[in-house]
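An overview of the molecular structure
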Amino acid sequence: MNAIRSRLLLALTLAAATGCAGSGRPGSAPVPVTRQWPVTIEEHIDLWLHGYALLTRDVSQVPVFRRGYRDTLDAVRAEQHVLTGLDANHAQLATLMARNPEIANGQFLPLYFDSWDTLTTAIDAFVRAGGVPPREPAARQQYALLNSFFPTAQSREWLRLFTQAEASESSQFYHAYWMAQETSRRGVVTAVDSLFDAVRPRLRRFLTTTRQTGGKLVLSLVLGGEGRTLNASPDHNVVVVTMPRSPADAAQAIYGFAHEIVQSIATSAVNDNMSPAEQRSGAAAALQPIAAVRAGAMLLQQTVPELAEGYMRFYLAQAGVAAPAGNPEAKFIETFDVPSAVTAALMRQIATALGRI
């Protein structure tokens, strides 16, 4: 999945994917880019991730999905006597996913689209093509994007079934649920936006050096400590992080943002300091998420130090570890342990990006 984070697409792909706003539901109209980093909430991204969350048992040290999300939403749906396509097709979708582990990377797909309509229109054309690329250049770009996530006939069948199930889930439950949550959390969005405006100038040097000068920060009801990021070009980045539960918790979104924008540094620090054998065995891939958590803390310590302790406590909680009453740094380093060579590489690369070397 870390490779997916940093996939760079041609501008034509992005234009084809986000060229028009959908009018149907679910989906948010594209946000006019009048600021470098607007804070948004986008229903089609949450709906897509919601479907994955209900199909996945997340056992990562830092969970992708909000802790307890699946059980909580299952309880809400049961209370409302909800039965949708996700329920009817759960067994088949789970079986196909088990046979095609790469399907998990499809979690990133909605980040390339601005609405449910543009996403499902592209999916429908891709599935109908049945593995045969179209002739039109723009359509071929969309086909290539979708094929990178769903390259086999089995994975395309999963995509078809999942998209249908998601449409059913939206119409019978999720749209109304999401709209109610959106209404109740408007104060959260305002608080995050205000805090993000205040701290972003202190991250600007790092963002510029790492070619992340602009984009949008999307708050998700579904995600936990692991975000979902698309780095398409320096001024077109999509960073999706957890939606704080209250305005008082607004800093949690900044923690997630710091964690996401250091992903490329974490990946290179690990790869540069792991042997070929460790990379082949999967040890390097397993270490990258831990290195990213550590790198996010290092970045805040250097740029917004007043948020660093809160960041450590947040990620300890994400890992299910109780933070001490005092300074949590020792427990944080113990929990997210990386080799000393990787630690040194992270510190060096962050200092370089900040112009301090």
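The sections below set out a description of the structure shown in this document. Note that this is a predicted model, so its numbers are computed, not measured.

Attention now moves to the environment of Val321. Relative to the assigned elements, Val321 resides in the loop between α15 (308-318) and α16 (329-335). Judged by its relative accessible area of 25%, Val321 falls in the partly exposed class. With near-sequence residues (within four places) excluded, Val321 lies in contact with Leu316, Lys331 and Thr335.

Bringing the packing of helix α6 (residues 90-99) against helix α9 (residues 153-184) into the picture now. Here α6 crosses α9 at 150 degrees, and the two axes come no closer than 10 Å. Relative to α9, α6 is oriented roughly antiparallel. The two elements α6 and α9 cross, and the hand of that crossing is left-handed. Across the interface between the two elements, Gln92, Leu93, Leu96, Met97 and Arg99 of α6 pack against Gln154, Glu157, Trp158, Leu161, Phe162 and Ala165 of α9.

We now examine the packing of helix α11 (residues 251-261) against helix α14 (residues 283-303). Running from amino to carboxyl end, α11 crosses α14 at an angle of 115 degrees, the nearest separation of the two axes being 8 Å. Considering only the axes of α11 and α14, their crossing is right-handed. Across the interface between the two elements, Tyr255, Ala258, His259 and Ile261 from α11 touch Pro289, Ala292, Val293, Gly296, Leu299 and Leu300 from α14. Residues that form the contact of α11 with α14 fall into these classes: 8 nonpolar, 2 polar and no charged.

Looking now at the sheet that holds strand β4 (residues 236-242). Ordered by their spatial adjacency, 4 strands build an open sheet running β1-β2-β4-β3, and the pairing between neighbours is mixed. One side of each edge strand has no neighbouring strand; the edge strands of this open sheet are β1 (39-40) and β3 (228-233). As paired strands, β1 and strand β2 (residues 215-220) are joined by 2 bridges and run parallel to one another. Of the residues in β2, the one forming a bridge with Thr40 is Val218.

Moving on: the pairing of β3. Of all 6 residues in β3, 5 are buried; the element is thus mostly enclosed. Sheet topology note: the β3/β4 ladder contains 5 bridges and is antiparallel. Residue pairing in the sheet places Ser233 in a bridge with His236 of β4. Connecting the antiparallel pair β3 and β4 is a turn made up of 2 residues.

Parameters and conventions
- Residues numbered from 1 in each chain as written.
- Predicted model: local features only at pLDDT ≥ 70, side-chain atom pairs only at ≥ 80, totals over all residues.
- Heavy atoms only, no water.
- Helix = DSSP H or I, 4+ residues; strand = E, 2+ residues; numbered from the N terminus.
- Buried < 20%, exposed > 50% of the residue type's maximum accessible area, 1.4 Å probe, protein only.
- Contact = heavy atoms within 4.5 Å.
- Axes fitted to C-alpha atoms, helices over the stretch in contact; angles between N-to-C directions.
- Parallel < 35°, antiparallel > 145°, perpendicular 65-115°, else oblique.
- Left-handed = near helix turned anticlockwise from the far one by under 90°.
- Nonpolar A, V, L, I, M, F, W, Y, C, P; charged D, E, K, R; others polar.
- Pairing = 2+ DSSP bridges.

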